[in-house]
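Residue-level structure breakdown
Chain by chain, the residues run as shown.
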Amino acid sequence: MQDTARLSISSVQHALLETWRNYYQLTKPRIIPLLLITTAASMWIASEGKIDPILLLVTLTGGTLAAASAQTLNCIYDLDIDYAMIRTRKRPLPSGKVQPRHALIFALILAGLSFGLLTRFANLQAALLAMMGIVFYMVVYTHMLKRNTPQNIVIGGAAGSIPPLVGWAAVTGELSWAAWLLFALIFLWTPPHFWALALMIREDYASVNVPMLPVVEGEEVTTEQIWIYSLLVVPVSLMLIYPLGVCGAVYGGFALVLGGIFLQKAWVLYQNPKDLPLAKSMFKYSILYMMVLCTGMVIDSLPMTHQMVQACTGHLETLMGMVLSMS
Ligand code: HEM
Ligand SMILES: CC(C)=CCC/C(C)=C/CC/C(C)=C/COP(=O)(O)OP(=O)(O)O
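Everything in this summary refers to the structure shown in the same document. Given the structure is predicted, the values throughout are model-derived calculations rather than measurements. (Residues numbered from 1 in each chain as written. Chains lettered and ligands numbered in written order. Predicted model: local features only at pLDDT ≥ 70, side-chain atom pairs only at ≥ 80, totals over all residues. Heavy atoms only, no water.)

Right, let's talk about the overall build of the protein for a bit. A count of helical and extended segments in the protein gives 14 helices and 0 strands. What you see in the protein, going N to C, is helices and strands ordered as α-α-α-α-α-α-α-α-α-α-α-α-α-α. With respect to the principal axes defined by its C-alpha atoms, the protein has extents near 90 × 50 × 40 Å. Put simply, the protein has 327 residues, and 47% of those count as buried. (Helix = DSSP H or I, 4+ residues; strand = E, 2+ residues; numbered from the N terminus. Buried < 20%, exposed > 50% of the residue type's maximum accessible area, 1.4 Å probe, protein only.)

Here it is in structure tokens:
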């Protein structure tokens, strides 16, 4: 008797765990941390390194809920093609583990929670921007562009560029030039990020007639476009230093080194458009690039960094003075 009760408790636990896992997978969770990193970096710059930890936590939670809602809605809309593509076939909806109706309720609850949380504990601007992210990703990218034009991710990339705007608005209640520059940085970074991946999975997209650039135009044009967008990413990343003046020398070091490698990888891929390991390396590096660049923004914004830079500059000036007086 006891054994039977124990067995049924463990099977209920197992079923609950499985349900939780399925809903979690529906949100495409591996993408969300980088979206949050861009939000956090923006908040650190906006608050000049003196970030309110509660506001940070609230904004990142609200951002997570909004992104999860957007991804779930995308999974519902794209059920037909996700079912047909090998890469996406095992997702919870095409594999029948979650019903679309339940997924829709889940997505709406996530969006509601995000809006409520951000409105109550951050501000209305941040909440509205997060909702705009969901609407743009669903209506403009998923519905209007994804299946219709190879420029889908160029324009649709605006959705993925909204998180830093949410972060900036949460801190300041408005959007400055610096916020829009962060938006532009991610907007320009998205084509190299995604097209490098699309080069590797183009057969999958071709099989369901999704006109991603490598499917429609081939490898040469795609790698050329990756190169062109990469050429734009690096100078735009430096514009946070000049003319905007919101980041300093420490970030500059990060941006130059990371940007140099970004350009080198994009160039080598452009020279070898059919080399899939190079495309894979570009895709992986695009993620590392954004992650470390944002870390550089955070480190640069910290008051401790400013003190260290000032101390170093002071020592350097003294040293220069001594050298000059000796000569
Ligand atoms: C319209 C714009 C974008 C498109 C179409 C796109 C597309 C994709 C796709 C198809 C994958 C592979 C996911 C999978 O196999 O399930 C991926 C991976 C990834 N994307 Fe993007 N992406 C976009 C923008 C972004 C943005 C803005 C970020 C964050 C700032 C981002 C971060 C990531 C990360 C971190 C991964 C790797 C996930 C893993 O570890 O597997 N993406 N992206
Ligand atoms: C503020 C806010 C809520 C922003 C939301 C931004 C957001 C969810 C960006 C994600 C972009 C992304 C990873 C798209 C995947 O493309 P896909 O869906 O075409 O990929 P697939 O072929 O793997 O389905």
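Further notes follow.
Moving on to the coordination of the iron atom of ligand 1. For the iron atom of ligand 1, the protein contributes exactly one donor atom, His193 (NE2), at 2.2 Å. Relative to the elements of secondary structure, His193 occurs in helix H9 (residues 177-200). (Donors = N, O, S within 2.8 Å, 3.2 Å for Na, K, Ca; no water.)

Another point: the site of ligand 2. Residues in contact with ligand 2 amount to 19 residues; listed here are only the nearest, Arg87, Arg91, Tyr141, Lys146 and Tyr205. One nitrogen or oxygen atom from the side chain of Lys28 is found 2.9 Å from an oxygen atom belonging to ligand 2. With respect to ligand 2, the side chain of Lys146 contributes an N or O atom lying 2.8 Å from an oxygen atom. Elements represented by at least two residues in the shell around ligand 2 include exactly helix H3 (53-77), helix H6 (124-145) and helix H7 (152-160). (Near = heavy atom within 4 Å. Polar contact = N/O pair within 3.5 Å; in protein donor to acceptor, adjacent residues only side chain to side chain.)

Moving on, we come to the side chain of Ser47. Secondary-structure assignment places Ser47 in the loop between helix H2 (32-46) and H3. A relative accessible area of 14% means that Ser47 is categorised as buried. Within the structure, the side chain of Ser47 is placed 2.8 Å from the backbone oxygen of Met43, a separation counted as a polar contact.

The next point concerns the pattern of salt bridges. Inspection of every chain in the model, using the stated rule, returns 7 salt bridges. A salt bridge links Arg21 to Glu18; the shortest N-O distance between them is 3.2 Å. Of the two residues, Arg21 and Glu18 both sit in helix H1 (residues 2-26), 3 residues apart, roughly one turn of that helix. Arg21 sits in the partly exposed class, given a relative accessible area of 42%. Between Asp80 and Arg147 there is a salt bridge, and its shortest N-O distance comes to 2.9 Å. Separated by 67 residues along the polypeptide, Asp80 in helix H4 (residues 79-84) and Arg147 in the loop between H6 and H7 bring together distant segments of the chain. Within this structure, Asp78, Asp80, Lys146 and Arg147 form a network of salt bridges that share partners. (Salt bridge = Lys/Arg side-chain N within 4 Å of Asp/Glu carboxyl O.)

All right, on to the packing of aromatic side chains then. For the structure on display, the rule yields 12 aromatic pairs. Ring centres of Trp180 and Phe183 lie 5.4 Å apart, and the angle between their planes is 70 degrees; on these two criteria the pair is classed as edge-to-face. Linking Trp180 with Phe183, this pair stays in helix H9, spanning 3 residues, or about one helical turn. Given the relative accessible area of 39%, Trp180 is considered partly exposed. Taking the relative accessible area as the measure of exposure, Phe183 reaches 17% and is therefore buried. Measuring from ring centre to ring centre gives 5.9 Å for Trp195 and Tyr229, while their planes differ by 70 degrees; the resulting arrangement is edge-to-face. Placement of the pair is Trp195 in helix H9 and Tyr229 in helix H11 (residues 213-238), with a sequence separation of 34 residues. Between the NZ or CZ atom of Arg120 and the centre of the ring of Phe121, over which it lies, the distance is 4.8 Å. (Phe/Tyr/Trp six-rings, centres within 6.5 Å; stacked < 30°, edge-to-face > 60°. Lys NZ or Arg CZ within 6 Å of the ring centre and 35° of its normal.)

With that settled, the discussion passes to the site of ligand 1. In the neighbourhood of ligand 1, 20 residues make up the surrounding shell, with Arg30, Arg87, His193, Phe194 and Leu197 lying closest. Within the side chain of Arg30, an N or O atom sits 2.9 Å from an oxygen atom of ligand 1. Arg87 has a polar side-chain atom sitting 3.2 Å from an oxygen atom of ligand 1. Of all the elements, H9 adds the most residues to the shell around ligand 1, at 6 residues. When its residues are assigned to classes, the shell around ligand 1 shows 12 nonpolar, 5 polar and 3 charged. (Nonpolar A, V, L, I, M, F, W, Y, C, P; charged D, E, K, R; others polar.)

In this section: unusual backbone geometry. Comment: phi is negative for the bulk of residues other than glycine, and the bulk of peptide bonds are trans. Between Tyr242 and the following residue, Pro243, the backbone shows a cis peptide bond with an omega angle of 15 degrees. The topology assignment puts Pro243 in the loop between H11 and helix H12 (249-271). At Lys28, a position not held by glycine, the phi torsion is positive, near 45 degrees. Structurally, Lys28 can be placed in the loop between H1 and H2. Owing to a relative accessible area of 14%, Lys28 belongs among the buried residues under this scheme.

Interpretation note: all reported values are geometric properties and have no functional meaning in isolation.
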